[in-house]
Every structure is written in C-alpha cells, then in structure tokens.
Amino acid sequence: MNVRFDPSGPLKGRLTPPADKSISHRAAIVGAMATEPVTITGYLAAEDTLSTLKAVQTIGALVQREGDRVTVRGTGLRAAEAHGETIDVGNAGTLMRLLPGWLAGQEGRSFTFDGDSSIRKRPVDRIAVPLRQMGAVIEATDDRLPPFTVHGQRLRGIRYELPVASAQVKSCVLLAGMIADGETTVVEPVASRDHTERLLSRLGVPLWRDGDAITVGHVDELTVEDIHVPADISSAAFPIAAGVLVKGSRLLLRDVGVNWTRAGFLDVLDRMGAIVVGERERRRDGEVPGHEPTADLDVAHGPLKGTVVEGDEVPLLIDELPLVALLGCFAEGETIVRGAEELKHKESDRIATVVDGLRGLGAEIEATDDGFVVQGTGGIRGGTIEAHGDHRLAMLGAVAGLASREGVEVIGMEAAEVSYPAFGDDIARLQRR
Ligand code: S3P
C-alpha cells in the first residue's frame, strides 16, 4: 500500500500512543508460564503482539481477548507443548528470541519456530549459544537463521557474558534461567531495556542485579498478578518527532512509558534543543522496584541543533535512531550516530535503509560501519521512500513527509501495522484540530 504524506499544517491535540510492544510480548509470555489466569490491560493489538498471543496458544495456553484486555490461562512453567505445530512468529524478533528461552527447558518436547521473509534473515545464533551452554539442543538453518528447532532439555544455570548489549538475548537467558537448575547470571556490557527484570521481580521471582550482572534463581511455580501495559515510547517517538518538526505544532502524549532504559530518545531531544516537557519521573533514582514509570509529554515545534549519539546511550534508544537521523536533517550542524552496528540486524538493515531512504528525500546523510553522519540543512525536500517491510521505516517516511517541502510517498505503509495500526488515523486526528 502506497500512502502520500503531504507537508502538514500544525499538529495539535492529545493522544495516547499504542501500548508498549516490548512489555506486551513479555506479559503474554509470562502469562503463559503462569499457573493461574493472568489479565493484561492495555495489551497492544498490533501484528507483532498478536503473533505472540497465537504463539502461546500454539504451545497450550488459552487466550481470551476483549479489546485491549487479554486474559491468558497458562500451561504452568513445565507443561508447554506444540504437538508438532510450527510456532509462527510473523515479523516479531522479540517473540522469536524470548520464547525459546522458556521452551528450551521443556524436557522431551521440541518446538519449531518460523516467520516472515524478514525474520528469516535475522540471526538466532545469539540465543542458541547461551541456550546450548545451558544444555538445550538447537538446530538452525545454516546454524544461525530461522526456521529453527529447540529440543527442550533439563537446563543448568550458567554465567553468560553478552557479547553485545541485547535485551532480547538477556531476557531469553533469564527466562531459561528460571527453570534451570541453580542460578543463572547474565552480564551486560552496557544497560539495555530492563522490562523483563522489572516484571519478574514484581512477580516475586528471585532476581537481583550486582553492577552489570543480573542473576535469576530457580522457580518451581509462577504466580502472576494482573499486568498493565503503558504506552510505547518507541511508537510515541513518531508523533513526538512530527510535533517537533512541523511548524506551529503542540501535542500532549499521555501515559507514555519512560523507564530510563527506554527513554534515551528524550535525552537526545533535550540535547538537540527540542521542546518536550514531561515529569522527570523517569530518572534512575527513586523508582519503585519492578514499576514501569510513565509520564505525559508536552511537545512543541522548535529549532534543533545537531548532536552525537554513541556508547552506552545507544541501547537506550536503539529503535529511535532512524528518527534521530531525520531530526538531524532539520538541525543546525552535524548529527552523528556511532556504535550502533546492531541496527543492521533489525526488521531491515536500518543503517542502509535509513541512509538510502532519507537520501532519496534529499537528505545529506552518509552511512558508516556503525551508524551515520547527517548534515543539517534546515529541512527536507521529499520524494518517495520504500518501507522494506519495516514498520519504523514506514512511519519515518510518513513523519518526513509531514515536515517536508514537497511531501513523501511511502511505499509499503502497511508495515506500520506491526506496532502502530492506528498511526495514520492518529496523525489525521492531530491535523484536524
Ligand atoms: C527489544 C529489544 C531491542 C529492540 C527491539 C525490542 C525487546 O532489540 O531493538 O525492537 O523487546 O527486548 P535488542 O535487545 O536485540 O537490541
């Protein structure tokens, strides 16, 4: 589906962005691990997280959905079984990397995972390595790609040092660690999103952090309280960027998750001089353990200056880096992202697709091995951009169009369904006010 986004008048009004995708995936998986039914409110109704509900049904959980309220009746920690059915993860990399952690400990049962053409290019060796060390048997295509099969075994606890910061791999090992013998420790090179740790500690799972090392203990049974999912900062980032870039805009985004391990985009916006005001409840200190802090964010159009994003900050806004590139086009001076090789392994190779895509719209942007360099020219011309089946690229093109001089046609806009099905409607609503 090709959709055109013309240069927009001011965006105005209030909006609750869609529910957090990362937390929704985790809530459904943890619900499936539980013995008693779990109610999840604010569950994300988008392609990726509907794939997770289907996946947990495939392995024996019962799911009831009424709007954004989902009840999962789990199998308990050790009774998941797929009866020879393939688990279809669709486009959901998080599902593909988290669920095998739990299933690797289902002794004597095997689980085959597959997904769409984009998922078939995304590596699973990064989870196979630690899971094999724990005792699981994993067969993957070319030893690193989907489709792949996990043969569940009795697992043993390990200490695993992540070679690159990845919340998906960390979460996979922690889920496996809950049913492994002994304790399991994951050491992260730098902090990545910690939704799994927050959720598990809130549910009483023995889990503690010592510096960069997170340890989880063995669990016999999981009791899960009801879970509420806040709005997704990675989805909110698109209307935020549109509000910052389109002249005269003023938006209020409600109930946005601002856990500091996710909210790096807000810090980068601050440095660029953008007007995005919210309660600073997202600071590291004074947070309630296990809690996911939220804030209402007030956004206004204003001038920007270039910045550098690198090092420990990268994982804190990994999914928002394409938007940093777009903001850089409008900023004064140079904007540089480095240390972000991981972008190559997302729903598309986001170094190549962002650089080619924005260059096609008139941006002065160069790819590097681990990021990109953007020269701010005060705006963007417009043109056509291909989404490459990547939801964040589709919405990047849309926001670029709203703020451009000539408008942007997005080829493959339907990709936005993966995380933000109401994106087009929300933007149209903000334009009508
Ligand atoms: C996610 C973690 C990130 C992110 C992805 C969702 C998660 O991936 O890019 O969109 O929910 O854990 P990595 O942790 O593998 O970098």
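Residues numbered from 1 in each chain as written. Predicted model: local features only at pLDDT ≥ 70, side-chain atom pairs only at ≥ 80, totals over all residues. Heavy atoms only, no water.

(A) View of unusual backbone geometry. For the bond running from proline 146 to proline 147, omega is -5 degrees, close enough to zero to count as cis. Within the secondary structure, proline 147 sits in strand β9 (residues 145-151). In this structure, aspartate 255 takes a positive phi of about 60 degrees despite not being glycine. If you trace the backbone, aspartate 255 turns up in strand β15 (residues 250-257). Judged by its relative accessible area of 27%, aspartate 255 is partly exposed. A positive phi is found at histidine 388, a non-glycine position, where the angle reads about 50 degrees. Of note, histidine 388 is situated in the loop between β22 (383-386) and α11 (391-403). Judged by its relative accessible area of 44%, histidine 388 falls in the partly exposed class. (Helix = DSSP H or I, 4+ residues; strand = E, 2+ residues; numbered from the N terminus. Buried < 20%, exposed > 50% of the residue type's maximum accessible area, 1.4 Å probe, protein only.)

(B) Layout of the pattern of salt bridges. Taken as a whole and assessed by the stated rule, the structure comprises 27 salt bridges. Glutamate 225 is the partner of arginine 202 in a salt bridge, and the nearest nitrogen-oxygen pair spans 3.0 Å. On the criterion of sequence distance, the pair formed by arginine 202 in helix α6 (residues 195-202) and glutamate 225 in the loop between β13 (213-216) and β14 (227-228) is long-range, its members being 23 residues apart. Two residues, aspartate 426 and arginine 429, come together in a salt bridge whose shortest N-O distance is 3.5 Å. With a gap of three residues between them, aspartate 426 and arginine 429 both fall in helix α12 (residues 423-432), about one helical turn apart. When salt bridges with common partners are traced through the structure, they connect Arg122, Arg193, Asp319, Glu347, Arg350, Asp390 and Arg392 into a single cluster. (Salt bridge = Lys/Arg side-chain N within 4 Å of Asp/Glu carboxyl O.)

(C) Layout of the domain arrangement of the protein chain. When its domains are assigned, the protein chain resolves into domain 1 (2-19 + 230-432) and domain 2 (21-228). A C-alpha centroid distance of 28 Å is found between domain 1 and domain 2. Counting residues at the interface gives 31 residues for domain 1 and 27 residues for domain 2. Interface area, domain 1 with domain 2, both sides summed: about 2400 Å², of which 48% is carbon and sulfur. At the boundary of domain 1 and domain 2, one finds three salt bridges. Of the charged contacts in the structure, one is a salt bridge between glutamate 347 and arginine 122, with a shortest N-O distance of 3.9 Å. (Domains from an automatic or database assignment. Contact = heavy atoms within 4.5 Å. Buried area = accessible area lost by both parts, 1.4 Å probe.)

(D) Structural view of the site of the ligand. Taken together, Ser22, Arg26, Thr94, Ser166, Ala167, Gln168, Arg193, Ile318, Asp319 and Lys346 are the residues near the ligand. Contact distances for the ligand include 2.8 Å between an oxygen atom and a side-chain N or O atom of serine 166. With the chains in place, 95% of the 380 Å² that the ligand exposes on its own is no longer accessible. Comparing atom positions with the cavity grids shows the ligand to sit within the largest pocket. (Near = heavy atom within 4 Å. Polar contact = N/O pair within 3.5 Å; in protein donor to acceptor, adjacent residues only side chain to side chain. Areas by Shrake-Rupley, 256 points an atom, 1.4 Å probe, with all protein chains shown as cover. 1 Å grid on protein atoms, 1.4 Å probe; cavity = no way out; pocket = protein on both sides within 12 Å on 5 of 7 lines; lining within 4 Å. Sits in = over half its atoms within 2 Å of the grid points.)

(E) Spatial organisation of the packing of aromatic side chains. By the definition in use, this model includes four aromatic pairs. Look at phenylalanine 5 and phenylalanine 423: their rings are 6.5 Å apart centre to centre, the planes differ by 55 degrees, and that puts the pair in the tilted class. Pair noted here: phenylalanine 5 is in strand β1 (residues 2-5) and phenylalanine 423 is in helix α12, with a separation of 418 residues, a long-range link. Across this residue pair, the class does not change: phenylalanine 5 and phenylalanine 423 are buried. (Phe/Tyr/Trp six-rings, centres within 6.5 Å; stacked < 30°, edge-to-face > 60°.)

(F) Local environment of empty space enclosed by the protein. Taken as a whole and judged by the stated rule, the model has two cavities of 30 Å³ or more. Taken as a whole, the largest cavity encloses approximately 40 Å³ of empty space. Along the walls of the largest cavity sit Arg26, Ile29, Val30, Leu98, Ser171, Leu175, Thr196 and Leu199, which together make up its complete lining. Taken together, the elements giving at least two residues each to the lining of the largest cavity come down to α1 (21-33), α5 (167-179) and α6. Taken together, the residues that form the lining of the largest cavity break down as five nonpolar, two polar and one charged. (Points joined across faces, edges and corners; volume = space filled by probe spheres on them. Nonpolar A, V, L, I, M, F, W, Y, C, P; charged D, E, K, R; others polar.)

(G) Fine view of the sheet that holds β22. Spatial ordering of the open sheet is given by β1-β23-β22, a layout of three strands whose pairing is mixed. One side of each edge strand has no neighbouring strand; the edge strands of this open sheet are β1 and β22. Looking at each pair of strands side by side, their axes are set apart by 20 degrees on average, direction ignored. Two elements, β1 and strand β23 (residues 408-411), share four bridges in a ladder whose sense is antiparallel. Within the sheet, the bridge partner assigned to phenylalanine 5 lies in β23 and is valine 408. (Pairing = 2+ DSSP bridges. Axes fitted to C-alpha atoms, helices over the stretch in contact; angles between N-to-C directions.)

(H) Summary view of the packing of α1 against α5. Across the interface, α1 lies against α5 with an axial gap of 13 Å and an inter-helix angle of 10 degrees. Relative to α5, the element α1 is oriented roughly parallel. Facing Arg26, Ile29 and Met33 of α1, the residues of α5 in contact are Ala167, Ser171, Leu175 and Met178. Looking at the contact of α1 with α5 residue by residue, the classes come out as five nonpolar, one polar and one charged. (Parallel < 35°, antiparallel > 145°, perpendicular 65-115°, else oblique.)

(I) Inspection of the environment of histidine 391 at higher detail. The topology assignment puts histidine 391 in helix α11. Placed 29 residues apart in sequence, histidine 391 and tyrosine 420 show a C-alpha to C-alpha distance of 8.1 Å. Leave out the neighbours within four places in its chain, and histidine 391 touches Lys21, Glu347, Arg350, Ala415, Ala416, Val418 and Ser419.

(J) Main features of the nonpolar core. Counting residues in each nonpolar core, the largest one holds 75 residues, and the members touching the most others are Ile240, Leu321, Leu326, Leu358, Phe372 and Phe423. Excluding residues that lie within four positions of it along the chain, leucine 326 makes contacts with Leu245, Leu358, Ile380, Leu396, Val399 and Ala400. (Core = buried A, V, L, I, M, F, W, Y, C linked by side-chain atoms within 4.5 Å.)

(K) A look at the sheet that holds strand β2 (residues 12-15). With respect to topology, four strands assemble into an open sheet ordered β2-β15-β17-β16, the strand pairing being mixed. Edge positions in the sheet fall to β2 and β16 (275-277), since each of these pairs with one other strand and no more. Between one strand and the next, the sheet's axes are offset by a mean angle of 20 degrees, whatever the strand orientation. The pairing of β2 with β15 spans four bridges and is classified as parallel. Opposite glycine 13, over in β15, you have leucine 251 as the bridge partner. Contacts between α12 and the sheet are confined to β2 and β15, with β2 contributing the most and set at about 140 degrees to the helix.

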